[in-house]
Amino acid sequence: MISRQQRRPQTPTPPVATQTLPVGIYQQQQRKPPRHIPKTFERMLDVHDLADDFYLNLLDWGTDNVLAIALYHTVYLWDASKGSTTELVTVDEDTGPVTSINWAADGRYLAVGLNSSQVQIWDCADCRRLRTLECGHASRVGSLAWNDLILTTGGMDGKIINNDVRVRSHVVNTYRGHTLQVCGLKWSGSGQHLASGGNDNVVNIWDRSTSTQRLHRLVEHTSAVKALAWCPFQTNLLATGGGEGDGSIKFWNTRTGACLNTVETGSQVSSLLWSNKERELLSSHGFTQNQLTLWKYPSMVKMAELNGHTSRVLYTALSPNGCTVASAAADERLMFWNVFGDPENAKKAAPKVPEPFSHVNRIR
């Protein structure tokens, strides 16, 4: 006898697939949490007699963790590891004031450009002047850039001169590509290409192997170009910033001379610093906010704006560990910002050293 209601055979439910990922793979799939970027400076020092001059370069941080700053006729050194302060040199009235400074790659030798057109080379380990270069400029030397043992100088006369500091007749060659003063010089990481920016609104790209022939003349900026920064993670990528009346950051393929992107910032760009840890770029600015702005590359989304200066930021320098940025402004203040994260060895136990500059709160 067949019942009026028969049950359909039930289709067995397939087991739910589960997968246990190895810890390493699981961690890779997790989204990296956003890095905390402090919006306030870590420390501030008064720096009286800092020149309010957009066209000069008066701040640099060497690989030995010594920060150099020029205040009128005097160059000071701060050892950030020891917390010690040294007055390196005070130049004479007839040669000063100091108009530019730049550390060599070894962090021991410092070039000091002067209003008189001379350049002094100092051994900072012994606080001893090694030599004075008569570079052939007609007036002040506002920008300097080392490339191994070649010191490149940029003058108010528009000339760029390569000097071999080892030999008596030190002038190697001269680049003529600017009609007004040179206010920015940067050698690429490979040492093969030089970028120069001038008050004539021009950026020139030079090849070390082609003597005095420039590779490209870039004319898209509408104001003086002092801010120059070669990308540390992408060959042939150069960032440039325009001064008052321009306010743009431009990115260039220096192999082809093509402008890849332009970002309008709305204010004078005085310096640019790439992070050597992340794909990030820091710009410093003048009126109206006098701020530092951190950008994510290549989207150029603003990650942070750092405010503290009350007048235009003129000079910035990156610490050798790639984390701290020093900024000096027309308000005669030197500020230190933790922009690019903590040192990789921060978690390792280490002997305590004095907080950088903890024993001083002003210079001069």
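Only a predicted model underlies this, so the values are computations on that prediction, with no experimental measurement involved.

**Things to note about the overall build of the chain**
(1) Moving on: The secondary structure content of the chain amounts to one helix and 29 strands.
(2) Moving on: Out of the 364 residues in the chain, the part that is buried amounts to 53%.
(3) Moving on: Considering only contacts in the chain between residues 6 or more positions apart, those separated by 24 or more positions represent 46%.
(4) Moving on: Split by element, the accessible area of the chain, about 18300 Å² in all, is 48% carbon and sulfur.

**What to know about the pattern of salt bridges**
(1) Moving on: Taken as a whole and judged by the stated rule, the model has eight salt bridges.
(2) Moving on: With its nearest N and O atoms 3.1 Å apart, the salt bridge here joins Arg140 to Asp53. Taken together, the positions of Arg140 in the loop between strand S9 (128–134) and strand S10 (141–147) and Asp53 in the loop between strand S1 (43–47) and strand S2 (59–61) put the pair 87 residues apart, joining distant regions of the chain. In terms of burial, Arg140 and Asp53 fall into one category: buried.
(3) Moving on: We note a salt bridge from Asp123 to Arg128, for which the minimum N-O separation is 3.8 Å.

**Considerations on the nonpolar core**
(1) Moving on: Residues Leu59, Leu67, Val75, Leu110 and Leu334 are the most contacted members of the largest nonpolar core, which totals 36 residues.
(2) Moving on: Once residues lying within four places of it in the same chain are set aside, the contact partners of Leu67 are Leu59, Asp60, Trp61, Tyr76, Leu77, Trp78, Ala317, Ala326, Leu334 and Phe336.

**Focus: the packing of aromatic side chains**
(1) Moving on: Inspection of every chain in the model, using the stated rule, returns 10 aromatic pairs.
(2) Moving on: Considering the side-chain rings of Phe233 and Trp274, the 5.5 Å spacing of their centres and the 85° angle between planes classify their relative orientation as edge-to-face. Placement of the pair is Phe233 in the loop between strand S18 (225–230) and strand S19 (237–242) and Trp274 in strand S22 (residues 269–274), with a sequence separation of 41 residues.
(3) Moving on: With a relative accessible area of 6%, Trp274 lands in the buried category.
(4) Moving on: For the ring pair Phe233 and Tyr297, a centre distance of 6.2 Å and an interplane angle of 55° mean the geometry is tilted. One end of the pair, Phe233, is in the loop between S18 and S19; the other, Tyr297, is in the loop between strand S24 (292–296) and strand S25 (301–306), with 64 residues separating them in the sequence.
(5) Moving on: Using a relative accessible area of 28% as the deciding quantity, one classes Phe233 as partly exposed.
(6) Moving on: Put simply, the rings of Phe233, Phe251, Trp274 and Tyr297 pair up and form one aromatic cluster.
(7) Moving on: Over the face of the ring belonging to Phe54 we find Lys226, whose NZ or CZ atom lies 5.4 Å from the ring centre.

**Points about the confidence of the model for the chain**
(1) Moving on: Per-residue pLDDT for the chain has a mean of 89; in total, 85% of the residues score no lower than 70.
(2) Moving on: Note that pLDDT drops below 50 for residues 1–8; the model gives that stretch zero contacts with residues more than four away or on any other chain.

Definitions and cut-offs
Residues numbered from 1 in each chain as written. Predicted model: local features only at pLDDT ≥ 70, side-chain atom pairs only at ≥ 80, totals over all residues. Heavy atoms only, no water. Helix = DSSP H or I, 4+ residues; strand = E, 2+ residues; numbered from the N terminus. Buried < 20%, exposed > 50% of the residue type's maximum accessible area, 1.4 Å probe, protein only. Contact = heavy atoms within 4.5 Å. Areas by Shrake-Rupley, 256 points an atom, 1.4 Å probe, with all protein chains shown as cover. Salt bridge = Lys/Arg side-chain N within 4 Å of Asp/Glu carboxyl O. Core = buried A, V, L, I, M, F, W, Y, C linked by side-chain atoms within 4.5 Å. Phe/Tyr/Trp six-rings, centres within 6.5 Å; stacked < 30°, edge-to-face > 60°. Lys NZ or Arg CZ within 6 Å of the ring centre and 35° of its normal. pLDDT = per-residue confidence, 0-100.

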